[in-house]
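# Summary of structural features
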Amino acid sequence: MTNASPPPIPPSALSDDEISRFLRGIWRFNQALGQILKPKLEQQYGIDPKEYYLLHSIARGAVYPKVLADTLHLPFSLVSRHLDTLSKAGLLMRQLDPEDSRRVRLTLTPLGEEVLQGVRDVVHRSASERLRGLDSAALETLMHAIDLISGDADAAPFTAPSSEPLSEVEA
């Protein structure tokens with residue numbers, strides 16, 4: 001049994017109202033999640049959401065400042081400023097690359113790894129709270145749609161979370 005996807009909607013078939021609704025929804029979701037995360041991350045871990053993404057990207061292999069800026073589509077000067085902050089906080093180290101002494105290699109410190117895991121937990125609980133009203137089929141559809149519109153159609157299939165209640169979600 002195959003799940004045939006409906007044919008894609010040509011962009012010209014979307015009304016201005018539909019495009020506006022989509023963009024407004026993405027903006028509002030991002031803003032709402034940011035308003036929840038920013039104070040929690042600053043209070044509990046002393047970092048902001050951009051610094052979380054930097055730590056997360058370093059942990060996933062973007063270990064050179066230029067690669068990090070390119071990966072996150074951020075200006076190099078902004079990345080450099082945040083790296084200074086993270087380094088001063090003891091969350092990452094900058095070292096000369098042993099294979100190319102012209103390059104600086106970034107690594108998380110044990111404290112950086114600990115902070116990253118704590119922040120991931122806060123981010124996951126906060127995002128889960130926003131997605132709580134979706135059943136597993138709607139969540140699968142949403143994740144597939146996000147992969148398609150973000151150009152990541154080859155992403156691994158999404159696995160819906162367990163059906164256990166999210167009673168531990170922080171307010």
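Because the structure is a prediction, the values reported are computed rather than measured.

Cut-offs and rules
- Residues numbered from 1 in each chain as written.
- Predicted model: local features only at pLDDT ≥ 70, side-chain atom pairs only at ≥ 80, totals over all residues.
- Heavy atoms only, no water.
- Helix = DSSP H or I, 4+ residues; strand = E, 2+ residues; numbered from the N terminus.
- Buried < 20%, exposed > 50% of the residue type's maximum accessible area, 1.4 Å probe, protein only.
- Contact = heavy atoms within 4.5 Å.
- Areas by Shrake-Rupley, 256 points an atom, 1.4 Å probe, with all protein chains shown as cover.
- Lys, Arg positive; Asp, Glu negative; His and termini not counted.
- Salt bridge = Lys/Arg side-chain N within 4 Å of Asp/Glu carboxyl O.
- Patch = residues over 30% accessible without salt bridge, like charges linked within 9 Å, V, L, I, M, F, W, Y side chains within 5 Å.
- Charge placed at Lys NZ, Arg CZ, Asp CG, Glu CD.
- Core = buried A, V, L, I, M, F, W, Y, C linked by side-chain atoms within 4.5 Å.
- Expected span 1.5 Å × (residues − 1).
- Polar contact = N/O pair within 3.5 Å; in protein donor to acceptor, adjacent residues only side chain to side chain.
- pLDDT = per-residue confidence, 0-100.
- Axes fitted to C-alpha atoms, helices over the stretch in contact; angles between N-to-C directions.
- Parallel < 35°, antiparallel > 145°, perpendicular 65-115°, else oblique.
- Nonpolar A, V, L, I, M, F, W, Y, C, P; charged D, E, K, R; others polar.
- Pairing = 2+ DSSP bridges.

### Description of the overall build of the chain
When helices and strands are tallied, the chain shows six helices and two strands. When the elements of the chain are put in sequence order from the N terminus, they spell out α-α-α-α-β-β-α-α. In the chain, which comprises 171 residues, the share counted as buried stands at 25%. Pairs at least 24 residues apart make up 53% of the contacts formed inside the chain by residues separated by at least 6 positions. Summed over all atoms, the accessible surface of the chain reaches about 12,300 Å², with 56% contributed by carbon and sulfur.

### Focus on the side chain of Asp-97
Tracing the backbone shows Asp-97 in strand S1 (residues 92-97). Salt bridges are absent for the buried Asp-97, whose nearest opposite-charge side chain, Arg-105, sits at 4.8 Å. Ignoring anything within four residues of it in the chain, the contact list for Asp-97 reads Tyr-64, Arg-103 and Arg-105.

### Some details on a positive patch on the surface
On the surface, Arg-21, Arg-24, Arg-28 and Arg-130 cluster together into a positively charged patch. The element contributing the most residues to the positive patch is helix H1 (residues 16-45), with three residues. By secondary structure assignment, the location of Arg-130 is in helix H5 (residues 110-131). Overall, Arg-130 belongs to the partly exposed group, its relative accessible area being 42%.

### Quick notes on the pattern of salt bridges
Under the criterion given, the structure shown has five salt bridges. Close ionic contact of Arg-102 with Asp-100 constitutes a salt bridge, the shortest N to O distance being 3.0 Å. Overall, the relative accessible area of 74% leaves Arg-102 in the exposed class. Among the salt bridges present, the one from Arg-132 reaches Glu-129, with a minimum N-O distance of 2.4 Å. Note on Glu-129: relative accessible area 36%, which makes it partly exposed.

### A closer look at the nonpolar core
Counting residues in hydrophobic clusters, the biggest one holds 25 residues, and the most contacted among them are Ile-47, Leu-55, Ile-58 and Leu-68. Only H1, helix H2 (49-59), helix H3 (65-72), helix H4 (76-88), strand S2 (100-108) and H5 provide two or more residues apiece to this core. Here this core gets five residues from one element, more than from any other, and that element is H5.

### Topic: helix H6 (residues 136-149)
For an α-helix, the turn length of 3.6 residues means that residues three or four places apart are oriented alike. In a regular helix each residue adds 1.5 Å, so 14 residues correspond to 20 Å; H6 covers 20 Å between its end C-alpha atoms and thus fits that length. The distance from a side-chain oxygen at the start of H6 to the backbone nitrogen of Ala-137 is 3.2 Å, and the residue carrying that oxygen is Asp-135.

### A closer look at the confidence of the model for the chain
For the chain, the mean per-residue pLDDT works out to 85, and 82% of the residues sit at or above 70. Looking over the chain, one finds the lowest element-wise mean pLDDT in H6, namely 90, and the highest in H4, namely 96. Across residues 158-171 the pLDDT falls below 50, and counting only partners more than four positions away or on other chains, this stretch makes 15 contacts in the model.

### Some remarks on the packing of H2 against H4
For any two helices packed against each other, the geometry is given by the interaxial angle and the distance between the axes. Two elements in contact, H2 and H4, have axes whose closest approach is 10 Å; the angle formed by their N-to-C orientations is 85 degrees. Relative to H4, the element H2 is oriented roughly perpendicular. On the side of H2, the interface is formed by Lys-50, Glu-51, Leu-54, Leu-55 and Ile-58, while H4 contributes Leu-78, Val-79, His-82, Leu-83, Thr-85 and Leu-86. Split into classes, the residues belonging to the contact of H2 with H4 amount to seven nonpolar, two polar and two charged.

### Observations regarding the pairing of S1
Where S1 and S2 come together, six bridges link them in antiparallel fashion. Residue pairing for S2: Gln-95 is matched across the bridge by Arg-105. Linking two consecutive strands that pair antiparallel, namely S1 and S2, is a turn of two residues.

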